[in-house]
Amino acid sequence: MYEAPIREPLILGDKTNHEITEDICKPIEGKANKYWWWCFIASVAALLWWVLCVSITVGEGIGMWGINNIVDWGWDITNFVWWVGIGHAGTLISAVLLLFRQKWRLSINRSAEAMTIFAVICAATFLLTHIGRPWLPYWLLPLPNQFGSLWVNFNSPLVWDTFAVSTYFTVSLVFWYTGLIPDFAVVRDRAKTKAMKFWYGILSFGWTGSSKNWQRFEEVSLVLAGMSTPLVLSVHTIVSMDFATSILPGWHATIFPPYFVAGAIFSGFAMVQTLLIIVRKVLSLENYITTLHIDMMNRIILVTGSIVGIAYITEFFIAWYSGVEYESYCFINRATGYYWWAYASMMTCNVISPQLFWVKSLRTNVTFTFILSIVVNIGMWFERFVIIVSSLHRAYLPSEWGTYHPSWVEVGIFIGSLGLFFTCFLLFARFFPVIAMSELKTITKSSSTQAKRAALEHGHSHATHH
Amino acid sequence: MSKYIFAVYNDEDVLMQNIKPLRSHGVRIKEVYSPFPVHGMDHAIGHKRTRISICAFIYGIIGCCLALIMTNYMMITDWPMDIGGKPSFAFYKNLPAFVPVIFESTIFCAAHGMVITFYLRSKTLPGVTAFVPDTRVTDDKFIMQVECNDHAKRAELTSLLMKHGAEEVKDYGK
């Protein structure tokens, strides 16, 4: 396929198709290095802490948390929204960028989708623990029961959420797995040991790479991308409706759906940056995840960060302009009240910091991007904390006013969920191909360094002939 | 003795260019195996367009209908709910609140139905033994599966394939 030679290459280092296979299979076939083991041990330690804190919650009840009658959603729902938002970037990269035929997605879509799956698993653990009786999760589903049957209330955004998150999780999972099948086949066909041949043989589902299968594969990818795009937008829209359909000042806002979706993509891309900057270093994939890829993602962070900034300011303006005194009080209280420091952190991290990405040298600076991606994720966590806690702690009646501080169990579950996430991601990086090599090989003839050089030389010889 | 022989190519463009000339010599190409999807290959060797997206559409309609029936039965017929003194005893009045659930069910059925159909039709399931003419086909080689029923003509067919860009011609296996 023709591509302008002046466009920067997406694969560096004159890689042939065979070298791509070698480079991407190396981390799976070799032994894990000591960085991987250190990260893995730390993650599993955090995961064990999560098991302890969740056991305490399940055994003793959610009274072990800091939430109370006034502030009845605290870190649990903050963490749920944070995690589910992070997941959105994976789907955006693999589905929306596929529909827009953006080739730079090819080096990053696999790990971004893995991030989606693990982030949604983390989000789901908060849904399960916050219901208080996690052994009754099927009460969220419309199943016949001995109470009537008393069905779930389909007018409730919390029921929409059950449908949205479960559909999103399962569809993302099959989308990711279908893409993995041809790459598992690559590992299977290269396997030296019997164990690897056996396991990757099962994982690859007997993939052959026939043109009929590729034809179906491409159609399935395209249609799944087409369905995942409205799906991913619906998920955070519905999450925002958990708040927006209530009458609480600070929650009752029509701006919420687009503002939440933009925020989700913003935080998700930040998490992709955090993960990929580590992955490219540890697995030596700098030729595939280049500064161009980092630059592209930073541009999306800049755009979505600006949307989020405008949303904050609009919200504040409308609170005053509407003339509703409860709404005005809520926003003044957010900025200057008991939780002013959370609001200040949110504004600094989410509105001011991404604006630095207007500068190209910062956008292409790996260390700076890494630091800023963490800053953005902290900011997005505070955004959810501000929305949830600052609105709840000052409701309509002064008799419903109170404060909230998390208990160590709540903080432990959050830190533990990071352990769960990183344990899953490290296992993924160890046993699964982290780059969609079968898809990446489609651009070696158009977007690799050797292809660019050939196109330029061809252009020059063409010019001298005339 | 296999009914097929396999021509190995290094380059997808070379393989593609030689499909037409080979066919005009009466060579019957059964299938082409490649490490990545080659644009236009399915059409070149005469595969019909896949109908899997039509299946997805039908599954989506089924999912949508199931959700319509479910919400109507549960919320309107079986146990109408009076919420905040605002009962919705007519389906069309309550429908806007059901849209998210109906939408999610539509996507759920369409996506999973399509993927299951894809796995079944392509015979890609856990435990299936792969048909791999050469293990390099998942790495960087492109392999043309050619019908060769008459063993006597094998040498002739081989030289024809070699003349048309093939790097080697071989039987099934490593």
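On a predicted model such as this, the values are computed, not experimentally measured, just so you know.

Turning next to the overall build of chain B. On a plain count of helices and strands, chain B comes out with 5 helices and 6 strands. On C-alpha atoms alone, chain B measures out to a radius of gyration of 26 Å, which is more than a quarter above the 16 Å that the 2.2 N^0.38 rule sets for 174 residues. With respect to the principal axes defined by its C-alpha atoms, chain B has extents near 85 × 30 × 25 Å. Relative to its full complement of 174 residues, chain B shows a buried share of 37%. Partitioning the contacts of chain B with sequence separation of at least 6, the portion at a separation of at least 24 is 78%.

When helices and strands are counted, chain A shows 17 helices and 0 strands. Its C-alpha atoms give chain A a radius of gyration of 24 Å, within 12% of the compact-globule value 23 Å for 466 residues. Within the span of chain A, comprising 466 residues, buried residues form 50% of the whole. Within chain A, residue pairs in contact and separated by at least 24 positions form 84% of the contacts whose partners lie at least 6 positions apart.

Attention now moves to the packing of helix α9 (residues 291-321) of chain A against helix α11 (residues 340-352) of chain A. In a pair of packed helices, the angle between the axes and the distance between the axes together describe the arrangement. Residues and elements named next belong to chain A. Across the interface, α9 lies against α11 with an axial gap of 8 Å and an inter-helix angle of 135 degrees. As far as their axial angle goes, α11 and α9 are oblique. Residues G305, V308, G309 and Y312 of α9 touch α11, and the partners they reach there are M347, N350 and V351. Of the residues in the contact of α9 with α11, the class split is 4 nonpolar, 3 polar and no charged.

The figure often quoted for interface size is the accessible area lost as the parts come together. Listed as interface residues are 52 residues of chain A and, on the opposing side, 56 residues of chain B. Elements with a contribution of two residues or more to the side of chain A that touches chain B: α1 (17-29), α5 (157-190), α7 (211-244) and α15 (437-440) of chain A. Of all the elements, α7 of chain A adds the most residues to the side of chain A that touches chain B, at 16 residues. By residue class, the composition of the side of chain A that touches chain B is 24 nonpolar, 21 polar and 7 charged.

Time to look at the sheet that holds strand β5 (residues 142-147) of chain B. Residue and element names in this part refer to chain B. Strand order across the open sheet formed by 4 strands is β2-β5-β1-β6, with antiparallel pairing between neighbours. Each of the sheet's edge strands pairs with one partner strand only, and the pair in question is β2 (29-33) and β6 (168-170). With strand direction ignored, the average angle separating the axes of adjacent strands in the sheet is 20 degrees. In this sheet, β5 lies alongside strand β1 (residues 4-9) in antiparallel orientation, the contact comprising 6 bridges. Paired with Y9 across the bridge in β5 is F142. Strands in contact with helix α1 (residues 12-24) are β1, β2 and β5; relative to β2, the strand with the most contacts, it is inclined by about 175 degrees.

Moving on: the nonpolar core. Judged by nonpolar contacts, the single largest core of 156 residues is most densely connected at V272 of chain A together with M114 of chain B. Among all residues touching M114 of chain B, those that are not within four sequence positions of it are V220 and V223 of chain A together with I52, C55, A56 and Y59 of chain B. One finds V8, M41, I45 and A166 of chain B within the second-largest nonpolar core, a separate group that totals 20 residues.

This part is about the confidence of the model for chain A. Chain-level pLDDT for chain A is 90 on average; 98% of the residues reach the 70-or-more range. Of the regions scoring below 50 in pLDDT, residues 462-466 of chain A engages in 0 contacts with residues more than four places distant in sequence or in other chains.

Right, let's talk about the environment of K34 of chain A for a bit. Residue and element names in this part refer to chain A. For K34, the location among the structural elements is in helix α2 (residues 34-60). On the basis of neighbour counts, which here come to 7 C-beta atoms within 10 Å, the residue K34 falls in the exposed class. Once the C-alpha coordinates of K34 and E457 are considered, the two residues, 423 residues apart in sequence, prove to be 44 Å apart.

Residue and element names in this part refer to chain A. Relative to the elements of secondary structure, A46 occurs in helix α2. In the structure, A46 is positioned 76 residues away from C122 in sequence and 13 Å away in space, judged by C-alpha atoms. If we ignore the near neighbours within four places in the chain, the residues touching A46 are I415, G416, L418 and G419.

All names here are of chain A. Going from G148 to S149, the amide bond is cis rather than trans, its omega being -5 degrees. Mapped onto the elements, S149 comes out in the loop between α4 (109-130) and α5. A positive phi is found at D14, a non-glycine position, where the angle reads about 50 degrees. Here D14 lies in the segment before α1. Notably, F205 is not glycine yet its phi reads approximately 55 degrees, a positive angle. Taking the number of C-beta atoms within 10 Å as the measure of exposure, F205 has 22 and is therefore buried.

Low pLDDT means the predicted atomic positions in that stretch should not be read closely. Of all residues in chain B, 98% attain a pLDDT of 70 or more, and the chain-wide mean is 87. Both scores are available for the predicted complex, with the pTM at 0.91 and the ipTM at 0.91.

Residues and elements named next belong to chain A. Relative to each other, helix α3 (residues 75-99) and helix α8 (residues 256-282) sit at 80 degrees, their axes nearing to 6 Å. As summarised for this structure, α3 and α8 are arranged roughly perpendicular, according to the angle between their axes. Contacts from G85, I86, G87, H88, A89, G90 and L92 in α3 reach G263, A264, I265, S267, G268, F269, M271 and V272 in α8. In terms of residue class, the contact of α3 with α8 is made up of 8 nonpolar, 7 polar and no charged.

Let us look at helix α10 (residues 325-336) of chain A. Residues and elements named next belong to chain A. Helix length check: α10, at 12 residues, gives a terminal C-alpha distance of 16 Å against a target of 16 Å (1.5 Å per residue), a fit within 8%. Inspection of α10 places C330, F331 and R334 among the buried residues, and these make up the whole buried set. Burial along α10 is one-sided: seen end-on, the buried residues are contained in an arc of 90 degrees. Relative to its buried face, α10 has exposed residues pointing more than 90 degrees away, namely E325 and T336. Where α10 is buried, its residues touch α9, α11 and α13 (366-392).

Position of F40 of chain A relative to the elements: it lies in helix α2. Distance from F40 of chain A to G61 of chain A, taken between C-alpha atoms, is 30 Å for residues 21 residues apart in sequence.

The rules behind the values
Residues numbered from 1 in each chain as written. Chains lettered and ligands numbered in written order. Predicted model: local features only at pLDDT ≥ 70, side-chain atom pairs only at ≥ 80, totals over all residues. Helix = DSSP H or I, 4+ residues; strand = E, 2+ residues; numbered from the N terminus. Rg over C-alpha atoms; globule rule 2.2 N^0.38 Å. Buried ≥ 20, exposed ≤ 12 C-beta atoms within 10 Å, placed from the backbone. Contact = placed C-beta atoms within 7 Å. Axes fitted to C-alpha atoms, helices over the stretch in contact; angles between N-to-C directions. Parallel < 35°, antiparallel > 145°, perpendicular 65-115°, else oblique. Nonpolar A, V, L, I, M, F, W, Y, C, P; charged D, E, K, R; others polar. Pairing = 2+ DSSP bridges. Core = buried A, V, L, I, M, F, W, Y, C linked by C-beta atoms within 7 Å. pLDDT = per-residue confidence, 0-100. Expected span 1.5 Å × (residues − 1). Arc of directions from axis to C-beta.

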